[in-house]
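Chain by chain, the residues:
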Amino acid sequence: MANVSPTRGDMSTHPDVSEMRTRYDRMLGGRDVALVDGPVFLLGLYCAVSPWIVHYSAGQPALMTHNLIVGTAIGVLALGFTAAPARMYGLSWAMCALGIWMIIAPWVVGSSPDAGVVVNNIIIGALALILGLMCAGTAAKSVPRS
């Protein structure tokens, strides 16, 4: 019969303790900004569907396609941040670049955009820039120094 007593032995005597610690550290490594992954994904989703929410798909067809592509890119970055954080947080600066691009895109991509289009893209761009800076700052702090 198995011993099911509530007292357990000390894990420090386990023969695989060093391997378990290494695996545990590897699994949790780079997850300092896990709380940012969700908002980044939601921002990308909103950016992709915003032309239909703000109703500028008919008046600004170029911006409609642009926001769909950039929103998809932001969403893919967020999924990458979640799936492979150690590899992807180096791309946090790409979020910042996408945020700056979203701020200036109505004048570069669009043709005489109205105030709703401009305000929508500025808010999306500012949020992408802020979230990208948060990801990049946290990733820079979590990189081990040699």
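Please read all numbers here as calculations on a predicted model, not as lab measurements.

Enquirer: Honestly, the confidence of the model for the chain in this entry has me stumped. Any pointers?
Expert: Low pLDDT marks stretches whose predicted atomic positions should not be read closely. Put simply, the chain has an average pLDDT of 82, and 79% of its residues get 70 or more. Taken element by element, the predicted model of the chain shows its lowest mean pLDDT in helix α1 (residues 17-28) (67) and its highest in helix α5 (residues 92-108) (93).

Enquirer: Please explain helix α3 (residues 61-83) as it appears in this structure.
Expert: Side chains that are three or four residues apart share a direction in an α-helix, a result of its 3.6 residues per turn. The first and last C-alpha atoms of α3 sit 33 Å apart over 23 residues, in line with the 33 Å expected at 1.5 Å per residue. For α3, every residue scored as buried is listed here: L63, H66, N67, V70, G71, I74, G75, L77, A78, G80 and F81.

Enquirer: Explain the environment of V49 to me, please; I cannot follow it from the model alone.
Expert: Among the secondary structure elements, V49 is positioned in helix α2 (residues 34-53). You can call V49 partly exposed: its relative accessible area is 34%.

Enquirer: Is there a simple way to think about the nonpolar core in this case?
Expert: Nonpolar side chains in soluble globular proteins tend to end up buried together. With 19 residues, the main nonpolar core has V40, V70, I74, L77, F81, M95 and L131 as its most contacted residues. Of all the secondary-structure elements, those providing two or more residues to this core are α2, α3, α5 and α6 (115-142). Discounting chain neighbours no more than four positions away, the residues touching L77 are M88, L91, A94, M95 and L98.

Enquirer: Quick question: what am I supposed to make of the environment of T72 here?
Expert: Residue position: T72 is located in helix α3. Discounting residues that sit within four places of it in the chain, T72 has contacts with G44 and A48.

Enquirer: Looking at this structure, how should I read a nonpolar patch on the surface?
Expert: A surface patch of nonpolar side chains, amounting to about 740 Å² of accessible area, comprises F41, L42, L45, V49, W52, I53, L68 and L79. Those elements giving two or more residues to the nonpolar patch turn out to be α2 and α3. When residues of the nonpolar patch are assigned to their parent elements, the largest contribution, 6 residues, is made by α2. Among the structural elements, I53 can be located in helix α2. I53 sits in the partly exposed class, given a relative accessible area of 47%.

Enquirer: Got a minute to help me understand α5 in this structure?
Expert: The end-to-end C-alpha distance of α5 is 24 Å, a good match for the 24 Å that 17 residues give at a rise of 1.5 Å each. Helix geometry: α5 is bent most strongly at M102, by close to 35 degrees, with proline P106 lying one to four residues after it.

Enquirer: Explain the environment of I100 here, please?
Expert: Inspection of the secondary structure assignment puts I100 in helix α5. Given a relative accessible area of 47%, I100 falls into the partly exposed group. Each C-alpha atom, one on I100 and one on G125, is 5.9 Å from the other, the two residues being 25 residues apart in sequence.

Enquirer: Please explain unusual backbone geometry as it appears in this structure.
Expert: Glycine aside, the phi torsion of most residues is negative, and most peptide linkages are trans. Even without a glycine there, the phi angle at S112 is positive, about 45 degrees. Relative to the helices and strands, S112 resides in the loop between α5 and α6.

What counts and how
- Residues numbered from 1 in each chain as written.
- Predicted model: local features only at pLDDT ≥ 70, side-chain atom pairs only at ≥ 80, totals over all residues.
- Heavy atoms only, no water.
- pLDDT = per-residue confidence, 0-100.
- Helix = DSSP H or I, 4+ residues; strand = E, 2+ residues; numbered from the N terminus.
- Expected span 1.5 Å × (residues − 1).
- Buried < 20%, exposed > 50% of the residue type's maximum accessible area, 1.4 Å probe, protein only.
- Core = buried A, V, L, I, M, F, W, Y, C linked by side-chain atoms within 4.5 Å.
- Contact = heavy atoms within 4.5 Å.
- Patch = residues over 30% accessible without salt bridge, like charges linked within 9 Å, V, L, I, M, F, W, Y side chains within 5 Å.
- Areas by Shrake-Rupley, 256 points an atom, 1.4 Å probe, with all protein chains shown as cover.
- Salt bridge = Lys/Arg side-chain N within 4 Å of Asp/Glu carboxyl O.
- Bend = angle between axes of the 7 residues up to and from the residue.

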